[in-house]
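Chain residues, written in single-letter form:
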Amino acid sequence: MIGTRASELLRVVHENPDVTRADAARMVGVGTGAATGLVARLTAAELISERPAGVVGRGRPTTVLQPHPRGPLVLAVAFTHESWRAEVVQLGGAVVACDGDEEMVHAYGEGERVLLSVKERLTRLRRRFRGRIRGMGVSVPGLVAKDRLVEASTLGWSGVDLTTLWPNAPVMAVGNDATFAGAAESHRGAAVGAALALHIRVDAGLGGALVENGRVLAGAIGLGGEFGHIPFGAGDIECPCGARGCWGPSLDGHALARLMGQPDPADPVAYARRVLAADGERERGAVAVVAARLGRGIAGLVNAIDPDLVTVGGLGVDYLAAASRSLDDAYLAGLMAFRRADPPPVLAASLLEGGPVAGAAEEAWARLWPLLPT
Ligand SMILES: [Zn+2]
C-alpha cells in the first residue's frame, strides 16, 4: 500500500490530464520533495510516468504527469436503442482504442444474442491489451438495478444480465445511459467542480443523475435519477413504465406528434430530431411547448433538490438551442420566488452523445481506485 496521498495524486492526474508535477503537488497539498517521492512510488507501481514539461516561466523545471505506458485501462461500453460502442480508456480519460457497430441487426428483443456477439468483440479487445484492462463500465438505455438490466423498452430487452459481457471482471459498473452521462458531465463536462449537479437527459425516455462532488447518488438499488417518471406530465397519458402523467412522455417525439396533430411516430427520437431541424411555424410552436415543459419540470426539481447547476443532454441540448426563451421563461416562472434573482444556471451538456460512454468509463475507474496498488 502506498497510502492516501498517493491515491490523491493519482486522482489528480486522472482528473487533470497533462497536469505538471508542481501543480499536482499544490492540488494534493504536499511540498515538492514529498511530491517527488509520491511520483516515484506511483511510477514504480506502473500507474503514471513523467515527461519534460518544457519551459514554464522562470520557476524550477517541472514535469508533466501522464498515464504509464503499461498502466491500467478500463473498457467502457455504451448501447443505444440502435447501436453499441466500446472504448478502451486510459488514466486521464483518453481513448486508446475503440470498436462498435452503428446498427445492431435484429436487436429488438434479442438481448442475449446481441450480447453474445458483442462479448466476442470485447474479448478480442481485452486480449489486445494483454491484461491491462482492469474493469468495465456498461451503459444501457434502460432501467438498471443492482448491476442488472431490469428493462429496456426501446430495445425490447428485459432481465438481461449484462455482466455476461465479461464474467468475473475484476470491476464492473452497469448503469443507465442518462445516469452515466450525468456522471461524465461532472468529471469531464459542463458540471466539473459543481458540488451538487443535476443532469437531465432527454432521449427515447427522460432520465438523469444527481451527482454530489463527482459521485452519483444512485439510490438504494441503483434506480436513482429516473426523473422522467415524476408526474409533471398530463394525467391522461400512460407512460411505458405503467404509471400515468409521467414527465418523460410529455417531452418525447410522441408528444411533439400529438401537439402537431400528426400520426404517432415509429421512431420518436428520429421524429423529434426532424421536428427540431424543421423550420415551419407549427414545428417551432410544438418545440416551444415541449421546451417550456422541460423548463417547468427543471424548476420543480431545482426547488426540491437545490443543485448548484443543471445540465441538459440528449435532445435537451436541441430544445435549449431552439427555444431557450420558452425554456427559460417556464424555468423562472416555476422557481420559488426567492430563487429567481440568482437561479442555478441551466447549461447544455458538453459531452453530447459521448456522455454515456465517458460516464461508463468514469464509473469503472471509480470502482477500480480501491483495487490499484496505491
Ligand atoms: Zn413513467
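All residue numbers refer to position in the chain's written sequence, counted from 1. In keeping with the model being predicted, local features are shown solely for residues with a pLDDT of at least 70 and side-chain atom pairs are shown and tallied solely at 80 or more, while totals for entire chains, interfaces and linings include all residues. The side-chain values count all of the structure's non-hydrogen atoms but skip hydrogen atoms and water molecules.

A. Local environment of the sheet that holds strand β6 (residues 133–140). Strands qualify as paired when DSSP identifies two bridges or more between them. Under the DSSP-based scheme used, a helix requires at least four consecutive residues in state H or I and a strand at least two consecutive residues in state E, with every element numbered from the N terminus. Spatial ordering of the open sheet is given by β5-β4-β3-β6-β10, a layout of 5 strands whose pairing is mixed. This sheet does not close on itself; its edge strands, each paired only once, are β5 (95–101) and β10 (172–176). Between one strand axis and the next, the sheet turns by 15 degrees as a mean value, whatever way the strands run. Pairing between strand β3 (residues 73–79) and strand β4 (residues 84–90): 7 bridges, direction antiparallel. Bridge pairing in β4 links A78 to R85. Contacting β6 and β10, helix α5 (residues 177–188) crosses the sheet at an angle of about 110 degrees to β10. Contacts: residue pairs with any heavy atoms within 4.5 Å of one another. Every angle, taken between N-to-C directions, lies between 0 and 180 degrees, and every axis is a line fitted to C-alpha atoms, over only the stretch in contact when it is a helix. Here helix α11 (residues 355–368) sits on the sheet and contacts β3, β4, β6 and β10; the angle it forms with β3, its principal contact strand, is near 140 degrees.

B. Just the pattern of salt bridges, in detail. Salt bridges are identified by distance alone: a Lys or Arg side-chain nitrogen within 4 Å of an Asp or Glu carboxyl oxygen. By the definition in use, this model includes 16 salt bridges. A salt bridge links E8 to R5; the shortest N-O distance between them is 3.7 Å. In this pair, E8 and R5 both sit in helix α1 (residues 4–15), 3 residues apart, roughly one turn of the helix. Accessible area is worked out with a 1.4 Å probe on protein chains only. A residue is then buried under 20% of its type maximum, exposed over 50%, and partly exposed in between. Given a relative accessible area of 40%, R5 falls into the partly exposed group. Residue D23 is joined to R26 by a salt bridge in which the shortest nitrogen-to-oxygen separation is 2.2 Å.

C. Quick peek at the side chain of R201. On the secondary structure map, R201 appears in strand β11 (residues 196–202). Polar contact is the term for a pair of N or O atoms within 3.5 Å; when the atoms are in protein, one must be able to donate a hydrogen and the other to accept it, and sequence-neighboring residues count only if both atoms are side-chain atoms. One polar contact links R201 to E353, side chain to side chain, over a distance of 3.1 Å. Not counting the four nearest positions on each side in its chain, R201 is found in contact with D177, A178, A181, L206, G207, G208, G313, G314, L352, E353 and P356.

D. Local environment of the domain arrangement of the chain. Delimitation of the domains relies on an automatic or database domain assignment. Each assigned domain of the chain is listed with its residue range as follows: domain 1 (4–67), domain 2 (73–182 + 355–371) and domain 3 (192–350). Taking the mean C-alpha position of each, domain 1 and domain 2 sit 31 Å from one another. Between domain 1 and domain 2, the contact holds 8 residues from the first and 7 residues from the second. Buried area adds together the accessible area that both of two parts lose upon being put together, with accessible area traced by a 1.4 Å probe. Taken as a group, R11, H14 and P67 account for 74% of the area that domain 1 buries against domain 2, more than any other trio of residues on that side. Looking at which element gives the most residues to the side of domain 1 that touches domain 2, the answer is α1, with 4 residues.

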